[in-house]
Amino acid sequence: MEEKALEVYDVIRTIRDPEKPNTLEELDVVTEKCVEVQDLGEDEYLIIIKFSPTVPHCSLATLIGLCLQVKLQRCLPFKHKLEIYISEGTHSTEEDINKQINDKERVAAAMENPNLREIVEQCVTEPDD
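Computed from a prediction, not measured in an experiment: that's the story for all the values here.

A.B. asks: How should I be thinking about the environment of Val107 in this particular structure?
C.D. replies: Topologically, Val107 is positioned in helix H4 (residues 104–112). You can call Val107 buried: its relative accessible area is 17%. Taking the C-alpha atoms as reference points, Val107 and Thr62, separated by 45 residues in sequence, lie 10.0 Å from one another. If we skip the residues at most four places from it in the chain, Val107 touches Leu66, Gln69, Gln100 and Ile101.

Here it is, written out as C-alpha cells:
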C-alpha cells in the first residue's frame, strides 16, 4: 500500500495554494504521512487524506479540499474511493469543512461555479502543462 500512497502523494504535492505562489507540499499542508491507502479488493482502493491548513481559521480550507478532490479524480489511474479530511485540531470549523469536501453533490455544484472552477484549475494545473 505504501507504493500506492506515494503515487497519490505525487499527484497532490504539486497542487498550488489558492493564495500563495507555493505548492501544498512546500507549505506542509500535505505530507507523505497524510496519505493512507487501504485495499478494498477487486483492484479498488480507499484513499484517505488528512491535510493541515496553514492557520486554524484558514478561509480557503474548503477550496484546498476541492482541489485535492478534483486532481485525484482526474489523475489517479486506478479505481478508488476518496475521503478527504482536515487533520484533527488544525482548523476551527473542521467538522463542517469535512462534511462539505466529502459531499459529492456539493463538490459538483462548486465545480459548476465558473469563478471557483477557474481557481481550482489554476491550482491543479501542473507547472509545465
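We are not done yet, so read on.
A.B. asks: Hey, could you run me through the UniProt feature "domain: MIP18 family-like" (unreviewed entry) in the chain in this one?
C.D. replies: Following the UniProt record, the feature "domain: MIP18 family-like" (unreviewed entry) maps to residues 7–71 here. Here residues 7–71 runs as 26% helix and 23% strand, with 13 Å between its end C-alpha atoms.

A.B. asks: What is the right way to look at the environment of Glu2 in this model?
C.D. replies: The residue Glu2 is located in helix H1 (residues 2–12) in this model. The class of Glu2 is exposed, set by a relative accessible area of 65%.

A.B. asks: Please clarify how unusual backbone geometry should be interpreted in this entry.
C.D. replies: Leaving glycine aside, a negative phi is the common case for residues, and trans is the common case for peptide bonds. Although it is not a glycine, Glu42 sits at a positive phi angle of roughly 50°. Along the chain, Glu42 turns up in the loop between strand S1 (35–41) and strand S2 (44–51). Glu42 sits in the exposed class, given a relative accessible area of 79%. Phi is positive for Asp43, close to 60°, though the residue is something other than glycine. Tracing the sequence through the fold places Asp43 in the loop between S1 and S2.

A.B. asks: Looking at this model, I keep getting lost on the sheet that holds S1. Mind explaining?
C.D. replies: Two orientations exist for strands paired in a sheet by backbone hydrogen bonds: parallel and antiparallel. In spatial order, the strands read S1-S2-S3; together these 3 strands make up an open sheet with mixed pairing. At either margin of the open sheet sits one strand with a lone partner, and together these are S1 and strand S3 (79–86). Across the sheet, the mean angle separating the axes of adjacent strands is 20° when strand polarity is ignored. Most of the contacts of H1 go to S1, to which it runs at about 130°, and overall it touches S1 and S2. The strands that helix H3 (residues 94–101) touches are S2 and S3; relative to S3, the one it contacts most, it runs at about 160°.

A.B. asks: I keep staring at the pattern of salt bridges and nothing clicks. Help me out?
C.D. replies: Once the charged atoms of two side chains with opposite charge are near each other, the side chains can pair. Following the criterion strictly, the structure yields 5 salt bridges and no others. Ionic pairing is found between Lys71 and Glu126, a salt bridge with its closest N-O pair at 2.3 Å. Here the residue Lys71 occupies a position in helix H2 (residues 61–75), and Glu126 occupies one in the segment after helix H5 (114–124), the gap between them amounting to 55 residues. What makes Glu126 partly exposed here is its relative accessible area of 23%. If you follow the salt bridges from partner to partner, you end up with Asp10, Arg13 and Glu25 in one network.

A.B. asks: Please explain the pairing of S1 as it appears in this structure.
C.D. replies: Within a regular beta strand, the side chains point alternately toward one face of the sheet and then the other, so they alternate between its two faces. Taken together, the 6 bridges between S1 and S2 define a ladder with antiparallel strand orientation. In the sheet register, Glu36 faces S2, and the bridge partner there is Ile48. Between the antiparallel neighbours S1 and S2 lie 2 residues, among them Glu42 with a positive phi of about 50°.

About the criteria used
Residues numbered from 1 in each chain as written. Predicted model: local features only at pLDDT ≥ 70, side-chain atom pairs only at ≥ 80, totals over all residues. Heavy atoms only, no water. Helix = DSSP H or I, 4+ residues; strand = E, 2+ residues; numbered from the N terminus. Buried < 20%, exposed > 50% of the residue type's maximum accessible area, 1.4 Å probe, protein only. Contact = heavy atoms within 4.5 Å. UniProt positions renumbered as here; feature names shortened; annotations may be inferred. Pairing = 2+ DSSP bridges. Axes fitted to C-alpha atoms, helices over the stretch in contact; angles between N-to-C directions. Salt bridge = Lys/Arg side-chain N within 4 Å of Asp/Glu carboxyl O.

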